[in-house]
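Working through the structure, step by step
Now for the letters of each chain:
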Amino acid sequence: MPQAILHTERLELVPLSEEHLPFLVDLNSDPVVLRHLFTRALTPAETEERMHTWLRSARETEALGKWIGYSAAGEAVGLYMFELPDNPPRTDAAELGYRLPQRNWRQGYAKEGSLELLRHGFEDLGIERVIAQTMAVNEASRATMVSVGMSFVRRFDQEWEEPLAGHADGEVEYEITREAWLAHRAG
């Protein structure tokens, strides 16, 4: 099953493709957006290399991958990820992620896209568990995880080649099961 095009009240989530490279280059050129992932902004060449890796991975996992969210005005508002976890590698869950340009922060886009990916995962794909990870200091991302019904599972430490600001506080993992999602959605 190929990745689906998904819709919310304000967003259309389109599977990542080559045409999204300019948006990704812009997104990854902002060191503030990347501060919880990298010690610096990424170069256009680094972003293009990552995009090609992501596209290969999406072909291998079919229904999972990355999406670009578009507003009703046709503006790309964020990158949304729904993939097999790799830290550590797992096959018993999908991993949720999101990255938005600063101009789209605090407008509900991270939550809205995440809710649709959870719905898609649980209803359309039959996934039983979804996790999300971030640095413990990333309060905005953690708040989004809680707002979509995810619960804190654990704190852990990750090895960093180039330690990020806040790395000493560690990483955190949140999760939601299909059962909990159904209860959250009903309530």
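How each quantity is defined
Residues numbered from 1 in each chain as written. Predicted model: local features only at pLDDT ≥ 70, side-chain atom pairs only at ≥ 80, totals over all residues. Heavy atoms only, no water. Helix = DSSP H or I, 4+ residues; strand = E, 2+ residues; numbered from the N terminus. Buried < 20%, exposed > 50% of the residue type's maximum accessible area, 1.4 Å probe, protein only. Contact = heavy atoms within 4.5 Å. Polar contact = N/O pair within 3.5 Å; in protein donor to acceptor, adjacent residues only side chain to side chain. Salt bridge = Lys/Arg side-chain N within 4 Å of Asp/Glu carboxyl O.

Along its length, the protein chain carries five helices and eight strands. Seen in sequence order, the protein chain has helices and strands lined up from the N terminus as β-β-α-α-β-β-β-α-β-α-β-β-α. In terms of its C-alpha atoms, the protein chain occupies a principal-axis envelope of roughly 40 × 40 × 35 Å. A buried classification covers 47% of the 187 residues belonging to the protein chain. When contacts within the protein chain are restricted to residue pairs at least 6 apart in sequence, those whose partners lie at least 24 apart make up 63%.

Okay, the side chain of His 20 next. Mapped onto the fold, His 20 is located in the loop between β2 (12-15) and α1 (21-28). Judged by its relative accessible area of 1%, His 20 falls in the buried class. Here the side chain of His 20 touches Tyr 70 through a polar contact of 3.1 Å, side chain to side chain. With sequence-adjacent residues up to four places away left out, His 20 is seen in contact with Val 14, Pro 15, Ile 68 and Tyr 70.

To continue, consider the environment of Asp 157. Inspection of the secondary structure puts Asp 157 in the loop between β7 (151-156) and β8 (171-177). Given a relative accessible area of 57%, Asp 157 falls into the exposed group. Between the C-alpha atom of Asp 157 and that of Thr 61, which follows or precedes it by 96 residues, the distance is 28 Å.

Moving on to the side chain of Arg 119. By the secondary structure assignment, Arg 119 is in helix α3 (residues 109-124). With relative accessibility at 18%, the residue Arg 119 sits in the buried group. A polar contact is formed between the side chain of Arg 119 and the side chain of Asp 124, at a distance of 3.0 Å. Beyond its immediate stretch of four places on either side in the chain, Arg 119 contacts Leu 6, Asp 124, Trp 181 and Arg 185.

Under the criterion given, the structure shown has twelve salt bridges. With a closest N to O distance of 2.6 Å, Glu 83 and Lys 66 form a salt bridge. Highlighted residues: Glu 83 in strand β4 (residues 76-83) and Lys 66 in strand β3 (residues 65-70), separated in sequence by 17 residues. Accessibility classification places Glu 83 together with Lys 66 in one group, the buried group. The partner of Glu 173 in a salt bridge is Arg 154, and the shortest N-O contact between them spans 3.2 Å.

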